[in-house]
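An overview of the molecular structure
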Amino acid sequence: SPEEFILIAEKNGTILQIGLIVLEEVCRYISQHNLREKGIEFVEVNLSVVQCMQDSICQDIQTILKKYNIPPSMINLEITESAAADSEDKLIRNMARLALSDITFSLDDYGSGFSNINYIVDLPFSIVKLDKYIVWAAMKNVTSRMILEHTVAMFKAIHLKVVAEGIEDLDMAKVITDMGVDYLQGYNFSKPVPREQLLMCLKDSYLEKKLKPAKK
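Conventions we followed
Residues numbered from 1 in each chain as written. Predicted model: local features only at pLDDT ≥ 70, side-chain atom pairs only at ≥ 80, totals over all residues. Heavy atoms only, no water. Helix = DSSP H or I, 4+ residues; strand = E, 2+ residues; numbered from the N terminus. Rg over C-alpha atoms; globule rule 2.2 N^0.38 Å. Areas by Shrake-Rupley, 256 points an atom, 1.4 Å probe, with all protein chains shown as cover. Lys, Arg positive; Asp, Glu negative; His and termini not counted. Charge placed at Lys NZ, Arg CZ, Asp CG, Glu CD. Salt bridge = Lys/Arg side-chain N within 4 Å of Asp/Glu carboxyl O. Buried < 20%, exposed > 50% of the residue type's maximum accessible area, 1.4 Å probe, protein only. Phe/Tyr/Trp six-rings, centres within 6.5 Å; stacked < 30°, edge-to-face > 60°. Contact = heavy atoms within 4.5 Å. Polar contact = N/O pair within 3.5 Å; in protein donor to acceptor, adjacent residues only side chain to side chain. Pairing = 2+ DSSP bridges. Core = buried A, V, L, I, M, F, W, Y, C linked by side-chain atoms within 4.5 Å.

**Focus on the overall build of the protein**
Secondary structure assignment for the protein yields twelve helices and six strands. For 216 residues, the compact-globule estimate of 2.2 N^0.38 gives 17 Å, and the C-alpha radius of gyration of the protein, at 18 Å, lies within 12% of that figure. Expressed as lengths along the three principal axes of its C-alpha atoms, the size of the protein is roughly 55 × 40 × 35 Å. Only carbon and sulfur atoms are counted for the fraction: they give 56% of the accessible area of the protein, which is about 12700 Å². Of the charged side chains in the protein, 24 are positive and 30 negative, and the gap between their average positions amounts to 7 Å.

**A word on the pattern of salt bridges**
In the structure shown here, the tally under the stated rule is ten salt bridges. For K129, the salt bridge is made with E44, and the minimal N-O distance between the two is 3.1 Å. Here the residue K129 occupies a position in strand β4 (residues 127-130), and E44 occupies one in strand β1 (residues 43-47), the gap between them amounting to 85 residues. On the basis of relative accessible area, K129 is assigned to the buried category, the value being 2%. If you follow the salt bridges from partner to partner, you end up with E44, E78, K129 and E165 in one network.

**Some remarks on the packing of aromatic side chains**
Scanning all chains against the criterion turns up three aromatic pairs. With 6.2 Å between their ring centres and 85° between their planes, F42 and Y183 make a pair best called edge-to-face. Of this pair, F42 sits in the loop between α2 (15-33) and β1 while Y183 is found in strand β6 (residues 183-184), placing the two residues 141 residues apart along the sequence. Between Y110 and F155, the ring centres sit 5.1 Å apart and the planes meet at 85°, which makes this aromatic pair edge-to-face. On the criterion of sequence distance, the pair formed by Y110 in strand β3 (residues 104-110) and F155 in helix α9 (residues 142-157) is long-range, its members being 45 residues apart.

**Brief notes about the environment of N94**
When you line up the elements, N94 lands in helix α6 (residues 88-99). What makes N94 buried here is its relative accessible area of 5%. Setting aside residues up to four positions removed in sequence, N94 forms contacts with C52, Q54, I57 and C58. Only 3.2 Å separates the side chain of N94 from the backbone oxygen of Q54, close enough to count as a polar contact.

**Quick word on the pairing of β4**
Residue alternation in β4 divides its side chains into two sets, I127 and K129 and V128 and L130, and both sets are buried. Two strands pair when backbone bridges link them, and β3 and β4 are joined in this way by three bridges, in the parallel orientation. Looking across to β4, one finds that Y110 is bridged to L130. Examined bridge by bridge, β4 and strand β5 (residues 161-164) share four bridges and lie parallel to one another. By the bridge assignment, L130 is partnered in β5 with A164.

**Quick notes on the nonpolar core**
Formed by 49 residues in total, the largest nonpolar core has its most connected members in I61, I75, L77 and L130. Apart from the residues lying within four places of it in its own chain, the contact partners of L130 are Y110, V135, L148, T151, V152, F155, V162, V163, A164, E165 and V181.

Spelled out as structure tokens, the structure:
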């Protein structure tokens with residue numbers, strides 16, 4: 001599981017190579033399959049705690065984008081709250097430099113632990129991703145739902161896009177969409193798939209099937 005091997009890779013330093021390999025494969029895929037023409041506005045790529053602390057990260061990312069002629073606006077870098085907590089000063093500098101080239105950022109797993117609103121204030125995030133556990137909690141009790149509603153409203157008021165993780169069925173999708181969430185992520189739409197299968201998920205017929213209520 002990534003929850004296991006990423007921690008090991010961060011400790012022994014190999015996460016730096018892994019992170020660049022992932023970004024390069026994403027850019028190669030975008031270029032080979034013309035994802036922009038298929039309706040993909042941007043692709044999210046995780047940036048680890050260790051990567052955030054590297055002085056060379058900005059140059060490394062820009063070099064890969066230029067190699068595959070990928071517009072910076074097509075890459076959104078996901079940064080976890082733990083990364084922001086561990087390396088905030090250097091992260092501010094690196095994010096500011098990358099933002100100048102039109103790369104955007106999302107705060108991943110909001111609500112999973114730290115939930116420090118200062119990250120939203122101090123760092124140039126354009127998207128906040130709500131952790132699946134606070135989304136699931138909102139489906140179970142009124143108090144959690146009210147907290148989530150007000151959280152979404154707060155982010156929307158300061159002009160941030162909001163992603164809800166962990167959407168498992170259309171009933172959940174409707175409740176969360178009614179709150180004003182911009183994007184939905186979860187097994188209702190797709191589990192992680194190999195690159196060959198991803199193109200099938202972009203077809204209108206696939207999306208229509210996923211958005212159609214099941215017959216009872």
